[in-house]
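Spelled out from the first residue to the last, the chains are:
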Amino acid sequence: MKYEVVMGLETHAELDTESKLFCGCSTKFGSEPNTQTCPVCLGLPGVLPVMNKKAFEHSLKAALALNCEISNFTNFDRKSYYYPDLPKNYQVSQNYFNIGNNGYVDIVVKGKEKRIGIHNVHLEEEAGKLVHPETSDANYSLVDFNRAGVPLLEIVTQPDMRSVEEVESYMQTLRNILLYIGVSDCKMQEGSLRFEASISLREKGANFLGKRVEIKNLNSMKAVLKVIAYEISRQTALLDKGEDVLMETRLWDDIDSVSRRMRSKEEAHDYRYFPEPDLVPVWIDQEWIDETRTTIPELPVGKRQRFVNEYTISDYDAGILTEDKPLADYFEECVKMAQDSPKELSNWIINDVLRELNERKTSVQDFAISPKMLVELIKIKPTIGSSIAKDVFVEMINTGKNAASIVKEKNLTQMDDVSELNDIVAKVIEENPKAAEDYSQGKKSALTFLIGQTMKITKGKANPKILTEIFEERLSAGSK
Ligand code: ZN
Ligand code: MN
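So, a few notes on the structure that sits alongside this text.

Scoring rules and cut-offs
- Residues numbered from 1 in each chain as written.
- Chains lettered and ligands numbered in written order.
- Predicted model: local features only at pLDDT ≥ 70, side-chain atom pairs only at ≥ 80, totals over all residues.
- Heavy atoms only, no water.
- Helix = DSSP H or I, 4+ residues; strand = E, 2+ residues; numbered from the N terminus.
- Rg over C-alpha atoms; globule rule 2.2 N^0.38 Å.
- Areas by Shrake-Rupley, 256 points an atom, 1.4 Å probe, with all protein chains shown as cover.
- Lys, Arg positive; Asp, Glu negative; His and termini not counted.
- Charge placed at Lys NZ, Arg CZ, Asp CG, Glu CD.
- Pairing = 2+ DSSP bridges.
- Contact = heavy atoms within 4.5 Å.
- Axes fitted to C-alpha atoms, helices over the stretch in contact; angles between N-to-C directions.
- Parallel < 35°, antiparallel > 145°, perpendicular 65-115°, else oblique.
- Left-handed = near helix turned anticlockwise from the far one by under 90°.
- Nonpolar A, V, L, I, M, F, W, Y, C, P; charged D, E, K, R; others polar.

Okay, the overall build of the protein chain next. For the protein chain, the helix and strand inventory stands at 15 helices and 16 strands. Relative to the globule expectation of 23 Å for 480 residues, the C-alpha radius of gyration of the protein chain, 31 Å, shows a markedly less compact shape. Projected onto the principal axes, the alpha-carbon positions of the protein chain cover approximately 95 × 55 × 55 Å. Accessible area for the protein chain stands at about 24800 Å²; split by element, carbon and sulfur atoms hold 51% of it. Averaged over its 61 positive side-chain charges, the protein chain has a centre that lies 3 Å from the centre of its 75 negative ones.

If you want it as structure tokens, here you go:
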């Protein structure tokens, strides 16, 4: 490809607070329309906003986690535009004095680390939501103001991303950071996390930026990745024909998988920003910054690196374990109780725990097997064998019982008494003379059959290693 792609991302994350940014209304998702409103968030005349401290603290925490410089002086501004879901006809946001500036996020793409610049992090209020009737002949739309005034964090990157993979990694890393620090639930299906992408192309080696297209309102990471792929090919085709890419805002149509023009630069909004006179500025002193910094836990990229170093597991496995903080905590709790088997624990969690969580559509916090129970199973495993351990694992989830009582109840302890197994092997050979003969003649697959027959008699409990030894000893004489 002769062009280089230049991309930036704006992310809106709803902050996890009980009440809205400037009033006491609940932020609960999914309630009856317009039941969580008051004169303040409906923008009625004469009301005064009062800022939610928790929302501000969450924003400060996020700005620090994203390595921003923190402004000591912050203020709110009015961003004016007319839209039916915006009751005041302006949005209270930050334009001149953001909470954080000049930060960065380190991402990993194909094993290589890359730094994505964060231009700024600022706090603002959500708009309401328009509900369009599903019947095509309806000539009205409805508006729900429950969301109006919910605290919203906007995170703006520098145009530092150069590939679809980088954008994907950035979105996942950012989401993980916000989840780790507990400022947003990041539920994309509820609109808690939304993206806007800007995409431009330039000839490789050019030192100027090409004309930029912005895509609004992307509600899923999948939609972001699709629109980027679409825009890259659309803009490439235009440039190849010698045509201009128009500087414009486009919308992604997920049904037809195309982007469509929303407005051109000439029609762009003039937001007429000016300081919000009804809110006081907020001063952030060093003490507040230091105090907030102590509440930030180890972040995913650092944790992943530490897991590799401390537990000698692969970078790939460490990546899976640290993708979700509760899962990483689960793993570490297990390792604390079984310090000599981090690799085995990591395998169990990645293969078995995650599979069951997916199938049962549940989270590790609600999982029936606690770290203590998993460690007990792993400790008991040598006496029951790997394949029975897998059955016990599933039984533990279904019954909530621990491994020891299941093994005892079902009498699953592995048989490794040599003389007892010797008798059974003798019987199996007697009953299957053809297979025994085949094995003596060097037909290896006959052994699998004989062991299978023995397992049937012992209900899978015979120690396969001892069994193999006995068969080899008894039948190898004949083969010579
Ligand atoms: Zn309200
Ligand atoms: Mn915004």
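Below, the discussion takes up the sheet that holds strand β6 (residues 100-109). If you trace the nine strands from one edge of the open sheet to the other, you get β2-β6-β7-β10-β1-β11-β12-β13-β14, paired in mixed fashion. Of all the strands in the sheet, the pair left with one neighbour each is β2 (69-70) and β14 (258-264). In this sheet, strand β11 (residues 193-203) lies alongside strand β1 (residues 3-14) in antiparallel orientation, the contact comprising eleven bridges. Across the sheet, V5 pairs through a bridge with L201, a residue of β11. Relative to the sheet, helix α2 (residues 164-181) contacts β1, β6, β7 (112-125), β10 (151-157) and β11, its axis offset from that of β6 by approximately 115°.

The next point concerns the packing of helix α7 (residues 325-337) against helix α8 (residues 342-359). Contact geometry for α7 and α8: axes closest at 10 Å, N-to-C directions at 140°. Compared by their axis directions, α7 and α8 come out oblique. Between α7 and α8 lies a crossing whose hand is right-handed. Only P342, L345, S346, I349, V353 and L354 of α8 make contact with α7, whose side of the interface consists of L327, Y330, F331, C334 and V335. Residues of the contact of α7 with α8, tallied by class, amount to ten nonpolar, one polar and no charged.

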